[in-house]
Amino acid sequence: MKKIISFILTMIMLLTCTSISVMAADTQSDTTNQDGKMTIGVSVYNLNDAEVRAFRNYFENYVGMAFDVEFLYSSSISTAEEEISFINELHERNVKGIISFLSSDLEEVLPVCEEYGMYYVRGSGTISDEIYEKVKDNPYFLGTIGTSVETEMDAAANMAEYFVSEDQNNQNHYIIACGGSAIGNEMHRLRTIGILNKLQEAYGLSYEKSVEELVNTQDTEEIETGSDIKITLVPGYPKDHLDEKLADSLNTGEYNVILSVVSASDFIKIIDAYEEENSTDVLLGSIDCFTEDTYEMFNKKGYNGKERIDYLVGKYGAIVAPSFVAMKNALEGFAEDYREDGSAFRLQQSFWTADSVDEFNKQYALSIGMYDNTYSVEDMMEVLKSYTPETNFEKFRKFTEK
């Protein structure tokens, strides 16, 4: 029976994976839960982002249907104040748990959750050791699930190395789309550091400023490299007109590689247009997600039959399953059983990587295929105490970090 249910859910998932970008207002219009469903808030940075859509698809069309759970989403949030406003709204609706995909200031956000008795888990992200030490003892902070500091930096460095290794004559010139690295997004900061360190090491560059200073730039900045290699940092999110900023740098005609720590789907059309107008190929590497958007980038050819994207480091929809398990366990009264030595947990996950169409397609099929998914309903039941009373934190760690 479980396999039949999983198969049905898989079919629903495949039919809906490209059509779930429902507006936040539609989801939030029902302010009460009349049918007794468990309700969990989800705070996101951009409701229409491809990665967020992948997470949402998995939650709504797989987890929600299997476990009778409703998810209430924020609109786009970029500051702690905006997340607190969303938390206030959830509190008014008597919601007692929130899964966050933000990088906002936990020192500001968590006291509000504690006041309301609302559990909070960082669903797919990284926080610094310094911040963790400050918030780990908040009883309503369950913890963080995501890539480690080292994984973030190494993944970005490996992406840079891929393009450096193909540059035998030192002719590459790089634009780095560094997202929110300067405004508190720890993941983006670590990724940008990883790229800059690798380029410096590989080409023997001498930056005029330290890498720690460079990642804090809030304006487009060409770096002094001490060589003929050009590197320009372009910060900002899509809402900050990132596509226009990248177009400005591309249109100088000096750059042939873009390395992005944010989703490239928001600016791929800028690259397409530039390539057609200038009869040239721009190499692209991105830290993104295995979604329908990146599927199209890999499978739809660009200028002169070239790949539109050359290298992807990515998450996948089901990667958010452990955050749901942690929250469901907490809401059902087992939060204390899942603290690590009395503190909020920090559990690690890995990225997937693809540098060819075939490699991408194999992993993409796993990302959207619920019947053979990395985190199936059966797997989740094994670490949910309401289904498996004897389960414990170590089993949850193994489930998360596999």
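Our subject is the structure listed above.
Residues numbered from 1 in each chain as written. Predicted model: local features only at pLDDT ≥ 70, side-chain atom pairs only at ≥ 80, totals over all residues. Heavy atoms only, no water.

1. Section: the overall build of the protein
Assigned secondary structure in the protein consists of 16 helices and 13 strands. Considering the protein as a whole, with its 402 residues, one finds that 57% of them fall into the buried category. Residue pairs at least 24 apart in sequence account for 71% of intrachain contacts in the protein once pairs closer than 6 positions are excluded. (Helix = DSSP H or I, 4+ residues; strand = E, 2+ residues; numbered from the N terminus. Buried < 20%, exposed > 50% of the residue type's maximum accessible area, 1.4 Å probe, protein only. Contact = heavy atoms within 4.5 Å.)

2. A word on the packing of helix 3 (residues 50–67) against helix 13 (residues 321–334)
Here helix 3 crosses helix 13 at 40°, and the two axes come no closer than 12 Å. As judged from the angle between their axes, helix 3 and helix 13 are oblique. Crossing handedness for the pair helix 3 and helix 13: right-handed. Two secondary-structure elements touch here, helix 3 through Tyr58, Phe59, Val63 and Phe67 and helix 13 through Ala321, Ser323, Phe324 and Lys328. Residues that form the contact of helix 3 with helix 13 fall into these classes: six nonpolar, one polar and one charged. (Axes fitted to C-alpha atoms, helices over the stretch in contact; angles between N-to-C directions. Parallel < 35°, antiparallel > 145°, perpendicular 65-115°, else oblique. Left-handed = near helix turned anticlockwise from the far one by under 90°. Nonpolar A, V, L, I, M, F, W, Y, C, P; charged D, E, K, R; others polar.)

3. So, unusual backbone geometry
If you check the backbone angles, Asp68 has positive phi at about 60° while not being a glycine. The exposure class of Asp68 is partly exposed, given its relative accessible area of 41%. Positive phi outside glycine occurs at Asn94, with the angle close to 65°. With respect to the helices and strands, Asn94 occurs in the loop between helix 4 (80–92) and strand 3 (97–100).

4. Brief notes about the side chain of Ser74
Its place among the elements puts Ser74 in strand 2 (residues 69–76). Assessed through its relative accessible area of 1%, Ser74 is described here as buried. Among the polar contacts made by the side chain of Ser74, one reaches the main-chain amide nitrogen of Val44 at a distance of 3.0 Å. (Polar contact = N/O pair within 3.5 Å; in protein donor to acceptor, adjacent residues only side chain to side chain.)

5. A closer look at the sheet that holds strand 12 (residues 345–348)
One open sheet holds the six strands; their spatial order is 2-1-3-4-5-12, and the pairing between them is parallel. Each of the sheet's edge strands pairs with one partner strand only, and the pair in question is strand 2 and strand 12. Neighbour-to-neighbour, the strand axes of the sheet open up by a mean angle of 20°, direction not taken into account. The pairing of strand 4 (residues 119–122) with strand 5 (residues 141–146) spans three bridges and is classified as parallel. Bridge pairing in strand 5 links Val121 to Gly143. Contacts from helix 16 (residues 393–400) reach strand 5 and strand 12 within the one sheet, and its direction differs from that of strand 12 by about 35°. (Pairing = 2+ DSSP bridges.)

6. As for the environment of Gly317
One can find Gly317 in the loop between strand 11 (311–315) and helix 13. It is 4.6 Å that separates the C-alpha atoms of Gly317 and Phe55, two residues lying 262 residues apart in sequence. In this structure, Gly317 is in contact with Ala54, Phe55, Tyr58 and Ser367, ignoring residues within four places of it in sequence.

7. Thoughts on the packing of helix 10 (residues 242–250) against helix 11 (residues 268–278)
Relative to each other, helix 10 and helix 11 sit at 25°, their axes nearing to 9 Å. Between helix 10 and helix 11, the interaxial angle falls into the category roughly parallel. Seen along the crossing, helix 10 lies across helix 11 with a hand that is right-handed. Contacts from Asp243, Ala247 and Leu250 in helix 10 reach Ile270, Ile271 and Tyr274 in helix 11. Class assignment of the residues belonging to the contact of helix 10 with helix 11 gives a composition of five nonpolar, no polar and one charged.

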